[in-house]
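Here is how the chains run, residue by residue.
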Amino acid sequence: MQYEGVDGLTVKNNRLTVKTSVGDVKEMEPYSYQTGDQGREDVVCHYVVSKDHVVRFDLEHYNNNRVLIIDPTLVFSTFSGSRASNWGFTATPGPDGTFFAGGIVWGDGFPVSTGSFENNFRGGRYDIGIIRLSSNGRNRMYATYIGGSSVECPHSMISDAQGNLVVMGRTYSTDFPFQSFFGTPGGCEMFVIKLNATGNNIIGSARIGGSKYDCVNVQDQLNGEGPEQAESLIKNYGDDSRSEVILDASNNIYIAASTRSDKDFPITPGVFQPSFGGGNQDGVIVFGERPAGPLWRVPQAGGVPAVVTAVDTARGETFHAIPVFMPDGKHFIYFRQGKPEVYGIYAGSLAAKPSGQPAERILAGPFAASYANGYLFFMRDGTLMAQPFDTSRLQLRGDPVPVAESLATIGVTGVFSVSSGGTLAYLAGRKSAGFQLTWFDRQGKVLTTFGQPGTDQMIALSPDGTQGVVRDASTNLPAGDLWTLDFARGVRTRFTFRKSVGSWPIWSPEGNRIAFAAGNNLDTLYEKPAAGGSDEKELLKEPGKQILPSGWSRDGRFLLYFYSGGKNGNNIWVLPLEGNRKPAPLLATEFSEAEAVFSPDMQWIAYTSNESGRYEVYVRPFVVAGGSGAPSLGEGKWQISKDGGFLPKWIADGRQIVFETVGNGALMAVDVKAKGARFEAGVPERLFQPPQLLGDYMWDVTADGKRFLLAAQQGAQTGAVPFNIVLNWPALLKKN
């Protein structure tokens, strides 16, 4: 692109500034992508300014054999020309490049075409307005009203190969132009209507619904009609209008929408789910925080998370996790971790304050539970059990019945999933003889082992790789101690004597000290000489909080840690180890950030964040400014992982980051390169799949990136692991 008549072009933080005599124009960061086998794939793209005011695009790692899209441009933009107020709701392309737009019109004045299906506004607060434009947007091919004497909204549209338009939406009008009727009339029904290509007639139309509200998400924002208020769902105008219509190759019409008609929706015989599933359709997501903290809630439409439960550290709790909703959509069960007298399954309510959730334990045990069709499913000594559960009283009834034996477990969960439709899936695992500390190369080949099988699971290697530190229990267990490993001598030595929660150990850059979290449910950071002894030094104490160390700067001046259970989840903080030693927030946003580690040159930090909707690894500049040496983050942010990632680790030369993937636990590596203030990352490379799914901190890598130490589960299956599927699990309960 060549700019004419400008005074200058500059690029900063990948944004282009165009200087003109009347002010500056700023172009946002360019967006580029290709469409591949996995769908849309982003391509890293940067502005490059050369002489004569020419701007080019610098692209990384793209396929020369596929179409490359760089900052898609606007084809056309136009007004409808309506004299009445009209709001857009949906749009779709035609087979010949034409364009359909649909919305609501608040009276007469929509630019209908001569001979259209409906030339007049029918009444009520608003009717539907449909307009078809030519491919360049310059000509109106047709425009028409659709409606009855009350109100209606279009939700979704699609055109067939002949240019006929199928529109789906909702209506309150009894005189809407229906030709077919399915179900019982109620307050609001879904409709489907098919217009011919010229818009002067309908090919067919149908009403579908029961006697209650259909095709409206809890509350109709515009009409003020609906069964209840639900601010958690309604965020923007149109959020109440979510349904979809598609066509198959034979032009059969498929629709998807919501219904509150619990008794008389027109269900056909032999379907997957013949009855109403319950709930109140309030669109709330409840989730737990990793690796510690309370439960949170967020509207399904997005927004700022709010705390649902409060972790009672004085009682010995460490975190809450794995929530499962009850049929009413208001109550849920979840798992509380902590001391043995605390951990187990509890009930919660969206209506209760975080500190006011019930404290009565429903079921004791170290594993989370699930619910389906009146039964609570839980683990007991490796066996999956089912027990009747009263969802109105939130209490167990009757006796538990075994469902499946020798289930695999990960952390605090059994590897199983159960549905109300009668399907159960689970992974059977042989009883483990413990965990064997095992060295692997970058291809996943076993090199050697250390010590005997045991319970060691949390791993941190010294900077020179000659030593290690492990915890003799899982991160999820409340009681454990740290042990140091001398690989040359084959010696394992007790390092702490607490038998308490913890410990998240990290090594100092010289390898002569170890920092870890302990105290009252992880509220204190300590450091201790790696050689052992009783000389523990308190670095930071935050009563009532959980603070977990993650990174130590090479010059020894700063310690990174994350504060679990902050207002918006995990926040990253930095603790200066010199001067006033006053901790400061480094990254505290509306998202959850954790596991920050320094690059070898201290110019960058890698960390995990869920800002994309799942945890990914990111890199940002680390800045120590001024004589005071106040730490902060510089401008710019780069995503390192592609399909989810956490627990990043830098290789010593700073040219690669290793991390663990979300889901399957594969170990990945990404080549990285810094050019001044600019950071570049390559395509993530899969190194190897560990022999079992890894929990947090069950692996580490040597500084040269060539060897990995894993806590390998004894008896774990390798290769493809089959899941067991039960298609009618209620029959198993009847047999017992």
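To keep things clear, this report deals only with the structure shown in the data block. All of these numbers come straight from a predicted model, not from anything done at the bench.

### Overview of the pairing of strand E57 (residues 678-681)
Where strand E56 (residues 667-675) and E57 come together, 4 bridges link them in antiparallel fashion. Directly across from Ala674, in E57, lies its bridge partner Phe679. Turn length for the E56-E57 hairpin, with the two strands adjacent in sequence and antiparallel, is 2 residues, and the turn residue Gly676 shows positive phi of about 65°.

### Considerations on the environment of Pro400
Its place among the elements puts Pro400 in the loop between strand E29 (395-396) and strand E30 (401-404). For the pair Pro400 and Leu733, spaced 333 residues apart in sequence, the C-alpha to C-alpha distance is 9.6 Å. Here Pro400 is in contact with Phe378, Arg380, Met385, Ala386 and Gln387, once residues within four sequence places are set aside.

### Focus on empty space enclosed by the protein
Applying the stated rule across the entire model yields 1 cavity of 30 Å³ or more. There is about 40 Å³ of room inside the largest cavity. Gly480, Asp481, Thr496, Arg498, Ser500, Val501, Ser503, Phe516, Ala517 and Ala518 together form the lining of the largest cavity. The greatest single-element share of the lining of the largest cavity, amounting to 3 residues, is contributed by strand E42 (residues 513-518).

### What to know about the sheet that holds strand E16 (residues 202-209)
The strands making up a sheet associate through hydrogen bonds between their backbones, and the pairing can be parallel or antiparallel. Pairing is mixed in the open sheet, where 5 strands are placed in the order E12-E13-E15-E16-E14. Sheet topology places strand E12 (152-159) and strand E14 (180-183) at the edges, where each strand pairs with a single neighbour. Neighbour to neighbour, the strand axes of the sheet diverge by 20° on average, direction disregarded. The pairing of E14 with E16 spans 4 bridges and is classified as parallel. Paired with Gly183 across the strands is Gly209, a residue of E16.

### Details of the nonpolar core
Leu525, Leu559, Trp699 and Phe708 are the most contacted members of the largest nonpolar core, which totals 35 residues. Ranked by the residues each element gives to this core, the list is headed by strand E46 (residues 558-566), at 4 residues. Grouped together as the second largest cluster of nonpolar side chains are 20 residues, Ala321, Met326, Phe335 and Phe389 included.

### Notes on the pattern of salt bridges
Under the counting rule described, the total for this entry stands at 26 salt bridges. Across the pair Asp24 and Lys19 runs a salt bridge whose closest N-O atoms are separated by 3.6 Å. Residue classification places Asp24 among the partly exposed residues on the basis of a relative accessible area of 46%. For Lys19, a relative accessible area of 34% translates into the label partly exposed. Notably, a salt bridge pairs Lys673 with Glu680, separated by 3.9 Å at the nearest N-O pair. Looking at Glu680, the relative accessible area reads 12%, which means it is buried. Residues joined in a network through salt bridges with shared partners are Asp58, Glu60, Lys673, Lys675, Arg678 and Glu680.

### Things to note about the pairing of strand E1 (residues 8-12)
By the bridge criterion, 5 bridges tie E1 to strand E2 (residues 15-20) in an arrangement that is antiparallel. Bridge pairing in E2 places Thr10 opposite Thr17. Remark: 2 residues form the turn of the hairpin made by E1 and E2, two consecutive strands paired antiparallel; Asn13 in that turn has positive phi of roughly 55°.

### Things to note about unusual backbone geometry
Phi is positive for Asp52, which is not a glycine, with a value near 65°. Its place among the elements puts Asp52 in the loop between strand E5 (39-50) and strand E6 (54-60).

### Some remarks on the side chain of Thr661
Tracing the sequence through the fold places Thr661 in the loop between strand E55 (656-660) and E56. From its side chain, Thr661 meets the backbone nitrogen of Gly665 in a polar contact 3.4 Å long. At a separation of 2.9 Å, a polar atom in the side chain of Thr661 contacts the main-chain amide nitrogen of Ala666. Among residues more than four places away in sequence, those in contact with Thr661 are Gly644, Gly645, Phe646, Ala666 and Met668.

### Quick look at the environment of Asp71
Mapped onto the secondary structure, Asp71 falls in the loop between strand E7 (69-70) and strand E8 (86-93). For Asp71, a relative accessible area of 29% corresponds to the partly exposed category. Separated by 26 residues in the primary sequence, Asp71 and Cys45 have C-alpha atoms spaced 9.7 Å apart. Residues in contact with Asp71, not counting those within four places in the same chain, are Pro30, Tyr31 and Tyr47.

### What to know about the sheet that holds strand E38 (residues 467-471)
Within the open sheet, the 4 strands sit side by side as E37-E38-E39-E40. Their pairing is antiparallel. Every interior strand has two partners, whereas the edge strands, strand E37 (458-461) and strand E40 (491-494), have only one. In this sheet, neighbouring strand axes are inclined to one another by 25° on average, regardless of whether the strands run parallel or antiparallel. Pairing analysis gives 5 bridges linking E38 to strand E39 (residues 482-486), with the strands arranged antiparallel. Within E39, the residue paired with Gln467 across the bridge is Asp486.

### Section: a nonpolar patch on the surface
A cluster of nonpolar side chains, namely Phe723, Ile725 and Leu727, defines an oily patch on the protein surface of about 350 Å² accessible area. Residue placement: Ile725 occurs in strand E61 (residues 724-726). When its relative accessible area of 51% is taken as the criterion, Ile725 is described as exposed.

### A few points about the layout of surface pockets
Gaps between atoms show up when a probe of the same size as a water molecule is rolled over them. Its volume calculated, the second largest pocket comes out at about 1600 Å³. When residues of the lining of the second largest pocket are traced back to their parent elements, those giving at least two are E1, strand E4 (32-36), E5, strand E51 (616-625), strand E53 (638-639) and E57. Considering each element in turn, the lining of the second largest pocket owes the most residues, 8 residues, to E5.

Conventions adopted
- Residues numbered from 1 in each chain as written.
- Predicted model: local features only at pLDDT ≥ 70, side-chain atom pairs only at ≥ 80, totals over all residues.
- Heavy atoms only, no water.
- Pairing = 2+ DSSP bridges.
- Helix = DSSP H or I, 4+ residues; strand = E, 2+ residues; numbered from the N terminus.
- Contact = heavy atoms within 4.5 Å.
- 1 Å grid on protein atoms, 1.4 Å probe; cavity = no way out; pocket = protein on both sides within 12 Å on 5 of 7 lines; lining within 4 Å.
- Points joined across faces, edges and corners; volume = space filled by probe spheres on them.
- Axes fitted to C-alpha atoms, helices over the stretch in contact; angles between N-to-C directions.
- Core = buried A, V, L, I, M, F, W, Y, C linked by side-chain atoms within 4.5 Å.
- Buried < 20%, exposed > 50% of the residue type's maximum accessible area, 1.4 Å probe, protein only.
- Salt bridge = Lys/Arg side-chain N within 4 Å of Asp/Glu carboxyl O.
- Polar contact = N/O pair within 3.5 Å; in protein donor to acceptor, adjacent residues only side chain to side chain.
- Patch = residues over 30% accessible without salt bridge, like charges linked within 9 Å, V, L, I, M, F, W, Y side chains within 5 Å.
- Areas by Shrake-Rupley, 256 points an atom, 1.4 Å probe, with all protein chains shown as cover.

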